[in-house]
Amino acid sequence: MQNYQKINNISGWAVFAIATVVYWLTVEPTASYWDCGEFIAVSYKLEVPHPPGAPLFLLIGRMFSFLAMGNLQEVAYWINIASVIASGFTILFLFWTITLLGRKIFAVEKGNETPAQTMLLMGSGAIGALAYTFSDSFWFSAVEAEVYAMSSFFTAFVFWAILKWEVIENESLANKWIILISYMMGLSIGIHLLNLVTIPALGLIYYFKKYPSVTRNGVIATLVISGAFLILINNIIIPGFPWIAGKLEVLFVNGLGMPFGAGIIFFGIVLIAALVYGIYQTQLRAKVLLNTLLVSLAFILIGYSSYTSIIIRSKYNPPIDENNPENVMSFVSYLLREQYGSRPLLHGQYFDAKLDDQVAGAPIYIKGKDKYEVSDRKIDYVYDPQRTTILPRAYSNDPKHVGLYRQYMGLGENELPNFVDNLQFMFSYQLGHMYTRYFLWNFAGRESDLQHADWLAPWDALKEVPAEFATNKARNNFFFLPLLIGLIGVFYHYAKHRKDFYVLAILFFLTGIALVLYLNSPPVEPRERDYIYAGSFYVFAMWIGIGVMALAEFFGQKSGNMMRGAVIATAVTLVVPIIMAQQGWDDHNRTNRYFSVDSARNFLASCEPNAILFTGGDNDTFPLWYVQEVEGFRTDVRVIVLSYFNTDWYIDQMTRQAYESDPLPFSLSHDNYRQGGPNDYLPYMENQNIKGGAISLNQYLKLIREDHPGLKVPTRLGSYNSIPSKSLFLPVDSAGVIAKGIIPKGMESLVTSQMVFNLTRGGLEKNTLMILDLIANNNWERPIYFNNTSLQGVSVLLKDYVVQEGATYRLLPVQNPSARAELVNTEIMYRNVMERFQFRGLNDPKVYNSKDHRDFALNHRSTMNSLAAALIRENKTEQAREVIFRSLEAIPDNSIIYDYTTAQTIKLLYNIGEKEKAREIAAIMGERANEALIYFDKYNLSIDNETQKNIVILNDLVTTLKSQGETELAQKFEEYFVTHYSKMNS
């Protein structure tokens, strides 16, 4: 026994070491795109991230940040290392889980393990654990500062712990393991809720141990009780306790006239007293099971208490304080992720259902001066009952979604979906595209990292593919080997140990397919979501380990020697993790990749001192937060997220000092922009006295401040304000503006005496109202900038009044006379691009630049094209040449493959006399576009708009080449264009 236990421990730690070293060698050196920049920033300064928060993750990240020893550029690296360590421990507990399952399959007696059995279990555990080590989704999360790696650790620990509990005979000691599991579950709430879905699987293990005579009714009862425990934690303890506390708080403060906090204190005292009393009485009366449950509940609450840090830090009002959850009312909303809305689950509408009614629901309270006030009411939407269904999958009436629903269902423009169509969408998109494709990425292969790219079968790898696929580092072919070994494990496990098979099957279902059904994804996501389902891939890795056991038994029987069979099986299946590592290394190795941070620095470097910069969304913003909060770069710039600017809590934060950035000069008060007020959305309602004419912006803002009845539109639920014209005008003191020196040289003649802001939609969103208020009251004192996504996201047209100064556009009272060319301040932009922009690692073909990095590189290529084109218009040919070749050298083709912006670069090369270089690039791009279009047509593929992009490239090349007299090449590419364009439209 001691020998086996020693070998098992040493082998587990050896696998841990391999996994940890692999992740350490491939870890991101700085903040990745998406949520990582935010998590690193809020961990470093213990701020408040997006709902529902991850307080324990932040506390752990804060501790790891100390390892940077004051080097701010190293903070991100060390917080990333927290994920590396957590991932290594996940692999450790996976190894030990597989060996525990193997002991049960082969009925290995404790203390009587044979050398053959030891070899079989160690080999199986190592292969299964290493297969998961190199799986696509888990490896991705293991090397960045996101919650999924740490969440996986808690899941792995809890499942291993219940298997350890199962083999413990001593009742008292076994109960201690139950309490430990409960505590770890409570802690995991402060990371991510995925751990909770393991509860039904844990319940089955408990049932199988306590009740050897298994019955169908017993299994069903166990799953029902386990489901009740899951609901208890997920729906009652996590949001429910704060909700009850909130109800008591309103009662005590509003009803009984007591001070703020009285209801919360009362609830806390009652809860703790009830737990203490219950634990004491059950201990006194020797109610072991009930005592264990109550102690477990206490430890869950102790783990959950990490969430108190969110309220504490929010009260401090840090620069990042999302949703401002500093009181029980806002905290409950924060936990429930109410800002993201909800999706129908068991019953709801089809996407074509008409809205019959809107019903005022529960009140939404905010903290007032001396009591809680109702700021708004939740709205319940009532749809045509004839167009509702059970298990609604195609529910969104967003125009972008409707067209995709019809595409997946094969419906015509006016056809109505039925329940069969609804299920077809569920199977084809949600279960097929959004789960099975991800599953096969991990165990069969992956076509590329392009959005919506498919999994890769071995025979697909033999096809001739276009350059964008052939050079894509994420193109991985596992030859079905992990999948085949795992499937062998599935059937073998079912045959050999049906109880444990059912445990793994329910865990696989709950962490995979059940999540798909619960999340009810719309037909398009901003990025691939495979990391959500890594728990089910974890289970399949166990079956890979069990598949090795099956092969070991087979080879042992054939050779007549189980030791030989175990060695052969381990040696043969070692190819699985080896090929997964070999194929996946280049697209999971993030060393020397810095452009996520450099692109953020480039945005901020494009702004003048004390600027205000609007961004569009997460990927635009979180890297900027990172470089400001952690590295302290350009903290004078106030970054404003356009989507958040629709909320009162965020606007309130803009009225406070933030580092060197002064409060924003709004004329509207909190009452004018409060949530649930009359200005959340201002629809266009034509006024007969205006009849299409423009109205004064200043006068309109005055009417808003006065809550003027002339703007009111009554509804059954109340009233809201409207906008009576599609155009607002703002007078400009032309001479005063010129005197400020903010107008670029040569643009003085473009200064306008009046700026007109035209609506681009059916109304004015609150964020745009606040932008207009800012513009009207800023008086051109602070520079106001927009990035490309925020410029498109506002509900008025601003692009006629912006001047490009780098990666950003500055709002100025100059009117662009041309709809085809952007206004560019070439003097400032040239300095920013050539002296301040950074492109670390983009010119290194060994560095893996994912789709996000390539998209931001594309934006920078476009930015430099705009600058070069403006310099050419100003006859500054030599400077234009420097900019163009800076672009080609900083972002070369062998690192970031030429894209459609490069087609515009070709035209610029001809304009500066670089005909040979232009012809060389044109020839490469034209042939690549043709090759790609042939491939897409041959296999009927539609990936990330690649067909349309390549059609555009060919069209641009033809136009440019014809204008430059390149007749032969132009004719060749025109033939390509005509052929593919006609096929696309046939």
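Here the focus is the overall build of the protein. Within the protein one finds 39 helices and 19 strands. Along the first, second and third principal axes, the C-alpha set of the protein runs to 95 × 80 × 65 Å. The buried share among the 986 residues of the protein stands at 57%. Once local pairs closer than 6 in sequence are excluded, the contacts in the protein between residues at least 24 apart make up 74%. As displayed, the protein offers around 41100 Å² of accessible surface, 58% of which is attributable to carbon and sulfur atoms. Within the protein, one finds 82 positive and 91 negative side-chain charges whose respective centroids are separated by 5 Å.

As a further point, take helix H8 (residues 171-189). End to end, H8 covers 28 Å across 19 residues, agreeing with the expected 27 Å (1.5 Å per residue, within 8%). For H8, the set of buried residues is Ala 174, Asn 175, Trp 177, Ile 178, Ile 181, Ser 182, Met 184, Met 185, Gly 186, Leu 187, Ser 188 and Ile 189. Buried positions along H8 lie against helix H3 (55-65), helix H7 (147-166), helix H9 (199-210), helix H10 (216-237) and helix H13 (288-304). In this structure Asn 170 caps H8, since a side-chain oxygen of it lies 2.9 Å from the backbone nitrogen of Ser 172.

Let's shift gears to a nonpolar patch on the surface. On the surface, Ile 225, Phe 229, Ile 231, Leu 232, Ile 236, Leu 289, Leu 290 and Leu 293 cluster together into a nonpolar patch covering about 690 Å² of accessible area. Secondary structure elements with two or more residues in the nonpolar patch: H10 and H13. No other element matches H10, which puts five residues into the nonpolar patch. Tracing the backbone shows Ile 231 in helix H10.

Another point: the sheet that holds strand E16 (residues 784-786). The strand order across the open sheet formed by six strands is E8-E7-E16-E18-E17-E19, and the pairing between neighbours is mixed. The outermost strands of the open sheet, each flanked by one partner alone, are strand E8 (638-641) and strand E19 (823-824). Here two bridges tie strand E17 (residues 802-804) to E19, and the two strands are oriented parallel to one another. Each residue of the ladder has a partner; that of Gln 804, found in E19, is Val 824. Set on the sheet, helix H31 (residues 766-778) makes contact with strand E7 (612-615), E16 and strand E18 (809-811); between it and E16 the angle comes to about 150°.

In the contact formed by helix H23 (residues 562-573) and helix H24 (residues 575-588), the axes pass within 5 Å of each other and the chain directions differ by 15°. The angle between the axes of H23 and H24 places the two elements in the roughly parallel class. Contact residues: H23 offers Ala 571, Val 572 and Thr 573, while H24 offers Val 575, Val 576 and Pro 577. Here the residues of the contact of H23 with H24 sort into five nonpolar, one polar and no charged.

Assignment of secondary structure puts Asn 592 in the loop between H24 and helix H25 (595-605). Asn 592 sits in the partly exposed class, given a relative accessible area of 46%. For the pair Asn 592 and Glu 28, spaced 564 residues apart in the sequence, the C-alpha separation amounts to 7.9 Å. Dropping the residues within four chain positions of it, Asn 592 is found in contact with Pro 29, Gly 841 and Val 847.

What follows covers helix H34 (residues 851-873). Here H34 spans 33 Å end to end across 23 residues, near enough to the 33 Å set by a 1.5 Å rise per residue. H34 sits mainly inside the fold: 18 of its 23 residues count as buried. Two residues or fewer after H34 comes Asn 875, characterised by a positive phi angle close to 65°.

A word on the sheet that holds strand E10 (residues 695-696). Sheet architecture is open: three strands sit in the order E10-E13-E14, paired in mixed fashion. Looking at which strands have only one partner, the edges of the open sheet turn out to be E10 and strand E14 (754-758). Bridge count between strand E13 (residues 727-731) and E14: five bridges; the pairing is antiparallel. Residue pairing for E14: Leu 728 is matched across the bridge by Phe 757.

The next point concerns the pattern of salt bridges. Per the stated rule, a full pass over the model turns up 36 salt bridges. Among the ionic pairs, Glu 631 bridges to Arg 601, the shortest N-O distance being 2.7 Å. Here Glu 631, found in the loop between helix H26 (618-629) and E8, pairs with Arg 601, found in helix H25; they are 30 residues apart in sequence, far enough to count as distant. Looking at Glu 631, the relative accessible area reads 12%, which means it is buried.

Conventions we followed
Residue numbering note: each chain is counted from 1, following its sequence as written. Where totals are concerned, whole chains, interfaces and linings use all residues; where local detail is concerned, this predicted model gives features only for residues with pLDDT of at least 70, and gives and counts side-chain atom pairs only at 80 or more. With hydrogens and water stripped out, all remaining heavy atoms of the structure feed into the side-chain values. Each helix is a run of DSSP H or I of at least 4 residues and each strand a run of E of at least 2, with the numbering of both proceeding from the N terminus. Working definition: with a 1.4 Å probe on protein chains only, accessible area under 20% of the residue-type maximum means buried, over 50% means exposed, and in between means partly exposed. In what follows, a contact means two residues having at least one pair of non-hydrogen atoms within 4.5 Å. Every accessible area reported is derived by Shrake-Rupley at a probe size of 1.4 Å, with residue values counting cover from the shown protein chains alone. When charges are counted, neither His nor the chain ends are considered; positive counts come from Lys and Arg and negative counts from Asp and Glu. Note that the charge is assigned to NZ on lysines, CZ on arginines, CG on aspartates and CD on glutamates. Multiplying 1.5 Å by the helix residue count minus one yields the expected span of that helix. Any pair of nitrogen or oxygen atoms within 3.5 Å is treated as a polar contact; in protein, a donor-acceptor pairing is required on top of that, and neighbouring residues in sequence qualify only through side-chain atoms on both sides. Like charges are joined within 9 Å and nonpolar side chains (Val, Leu, Ile, Met, Phe, Trp, Tyr) within 5 Å, but only among residues with over 30% relative accessible area and no salt bridge; these make up the patches. Here a salt bridge means any side-chain nitrogen of Lys or Arg lying within 4 Å of a carboxyl oxygen belonging to Asp or Glu. Strand pairing follows a simple DSSP-based rule, namely that at least 2 bridges must link the two strands. What counts as an axis is a line fitted to C-alpha atoms, over the stretch in contact for a helix, and the angles between N-to-C directions run from 0 to 180 degrees. For classification purposes, angles smaller than 35 degrees are called roughly parallel, those larger than 145 roughly antiparallel, those between 65 and 115 roughly perpendicular, and all remaining angles oblique. Polar here means any residue outside two lists: the nonpolar Ala, Val, Leu, Ile, Met, Phe, Trp, Tyr, Cys and Pro, and the charged Asp, Glu, Lys and Arg; Gly therefore counts as polar.

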